[in-house]
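# Notes for the structure review
Given next are the chains, with one letter for each unit.
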Amino acid sequence: MSKNVALVLGSGGARGLAHIGAIEALEERGYTITSIAGCSMGSIIAGMYAAGQLKEAKEWFLSVDKQLILRMMDINLLSGNSLVKGERIIQELQKVVPDRPIESLNIPCTIVATDMIHSDEVVFRTGSLFEAVRASISIPLFFQPVQMGDRLLIDGGILNPLPLHVVERTEGDILVAADISGKDSMPVEETYEPIDVEGKLQDLRQSGIPVPKAMENQLRNLGKRVDTILENRAKDLGRKVSFVSLLDRMSDIQIQQSTLLSLRLCPPDVHSVMRQYAYNTFDFDKAEQIIADGKRLMNEALDRYEIFLKKND
């Protein structure tokens, strides 16, 4: 039985922390990851693993709380195409794992983004690791898109949330999919926590960053608008179709169907799957639980694979 693995890590926000547990399960059972690919949150974990620093990354993610998440949200007041710039999160990640050329990483690593101008998938196998990651995590309307030449890059999960076809393969390896967008029904209801705008402003003052009065008022107004959206989303999910819940559900269905198509076109040998609504996109403060679930799900998938091999030996 081959123990060499070409590993593909799917997109899914905070659910992507499950990839850490999935990798731990593979390694503990004697599998060797010889190549890796990912998009969106999967690109972060793929890059950090390929750099040989997943342990440090795990420790950092376990330290993340809601206040740190807020501090990393560099509010974008000068552009109408996103809520945050997305640069501060990259700066924080680079404190954990310094930037390197992708081609110099310990194993072949592939990162996927989407070019919204040309409607193309963009595959990174060379160049700056964190430039590729920054492009791959650019959730539309939330993170500012990344301009690269004549390309405007957004989240890789828009076109292909589980990029099985791009991972580098070696003879005799097995294809393993860590899928965190499993088909799921809409939740009955959802809770939300209001954005702590005053806390964010206090953090800025303490860090020595001057905050003009006009900017304070803009931030407060933005916080109120986002809170209204979140409150309506929580009320409407599973109860009635509103503008916000309809957009959310349309996006979720598109991701689910794209994932299923990828699985049909390029069937993996091992398929670990987490339900799409198991955790919310920004549940990073639940890292320990998500990582544990990812490990459990990968172990269950490996059990199924190894039992199948024994039956057909």
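Heads up: these notes are all about the structure in this document. (Residues numbered from 1 in each chain as written. Predicted model: local features only at pLDDT ≥ 70, side-chain atom pairs only at ≥ 80, totals over all residues. Heavy atoms only, no water.)

### Let's talk about the nonpolar core
- With 66 residues, the main nonpolar core has Ile36 and Phe61 as its most contacted residues.
- Sequence-distant contacts of Phe61, that is, excluding residues within four places in its chain, are made with Leu17, Ile20, Met41, Ile44, Ile45, Met48, Leu93, Phe284 and Ala287.
- Counting residues in each nonpolar core, the second largest holds 12 residues, with Ala6, Cys39, Leu162 and Leu164 among its members. (Core = buried A, V, L, I, M, F, W, Y, C linked by side-chain atoms within 4.5 Å. Buried < 20%, exposed > 50% of the residue type's maximum accessible area, 1.4 Å probe, protein only. Contact = heavy atoms within 4.5 Å.)

### Concerning the packing of helix α3 (residues 54-63) against helix α5 (residues 87-96)
- Packing of α3 against α5 leaves a shortest axis separation of 9 Å and a crossing angle of 130°. Viewed along their axes, α3 and α5 adopt a mutual orientation that is oblique. As for how α3 packs across α5, the hand of that crossing is right-handed. On the side of α3, the interface is formed by Glu56, Ala57, Trp60 and Phe61, while α5 contributes Ile89, Glu92, Leu93 and Val96.
- Residue classes in the contact of α3 with α5 are distributed as six nonpolar, no polar and two charged. (Axes fitted to C-alpha atoms, helices over the stretch in contact; angles between N-to-C directions. Helix = DSSP H or I, 4+ residues; strand = E, 2+ residues; numbered from the N terminus. Parallel < 35°, antiparallel > 145°, perpendicular 65-115°, else oblique. Left-handed = near helix turned anticlockwise from the far one by under 90°. Nonpolar A, V, L, I, M, F, W, Y, C, P; charged D, E, K, R; others polar.)

### Section: the pairing of strand β8 (residues 151-154)
- Summarising the sheet, strand β4 (residues 109-115) and β8 pair through two bridges and their orientation is antiparallel. Within β8, the position partnered with Thr114 by the bridge is Ile154.
- Where strand β7 (residues 146-148) and β8 come together, three bridges link them in antiparallel fashion. Among the inter-strand pairings, Gln147 is bridged to a residue of β8, identified as Leu152.
- Count of turn residues in the β7/β8 antiparallel hairpin: two residues, of which Gly149 carries a positive phi of about 60°. (Pairing = 2+ DSSP bridges.)

### Digging into the side chain of Ser40
- Turning to its location among the elements, Ser40 is positioned in the loop between β2 (32-39) and α2 (41-50).
- You can call Ser40 buried: its relative accessible area is 6%.
- Residues contacting Ser40, with those up to four places away along its chain left out, are Ser11, Val112, Ser136, Ile137 and Asp155.

### A short note on the packing of aromatic side chains
- Counting across every chain of the model gives one aromatic pair.
- Seen from their ring centres, Trp60 and Phe61 are 5.0 Å apart, and the 70° between their planes marks the pair as edge-to-face.
- One Lys or Arg, Lys3, reaches over the ring of Tyr31 and ends 4.1 Å from the middle of that ring. (Phe/Tyr/Trp six-rings, centres within 6.5 Å; stacked < 30°, edge-to-face > 60°. Lys NZ or Arg CZ within 6 Å of the ring centre and 35° of its normal.)

### Here we look at the pattern of salt bridges
- In total, this model carries 10 salt bridges according to the counting rule given.
- Residue Lys58 pairs with Glu24 through a salt bridge whose shortest N-O separation is 2.8 Å. Separated by 34 residues along the polypeptide, Lys58 in helix α3 and Glu24 in helix α1 (residues 18-28) bring together distant segments of the chain.
- Lys58 gets classed as partly exposed once you look at its relative accessible area, which sits at 23%. (Salt bridge = Lys/Arg side-chain N within 4 Å of Asp/Glu carboxyl O.)

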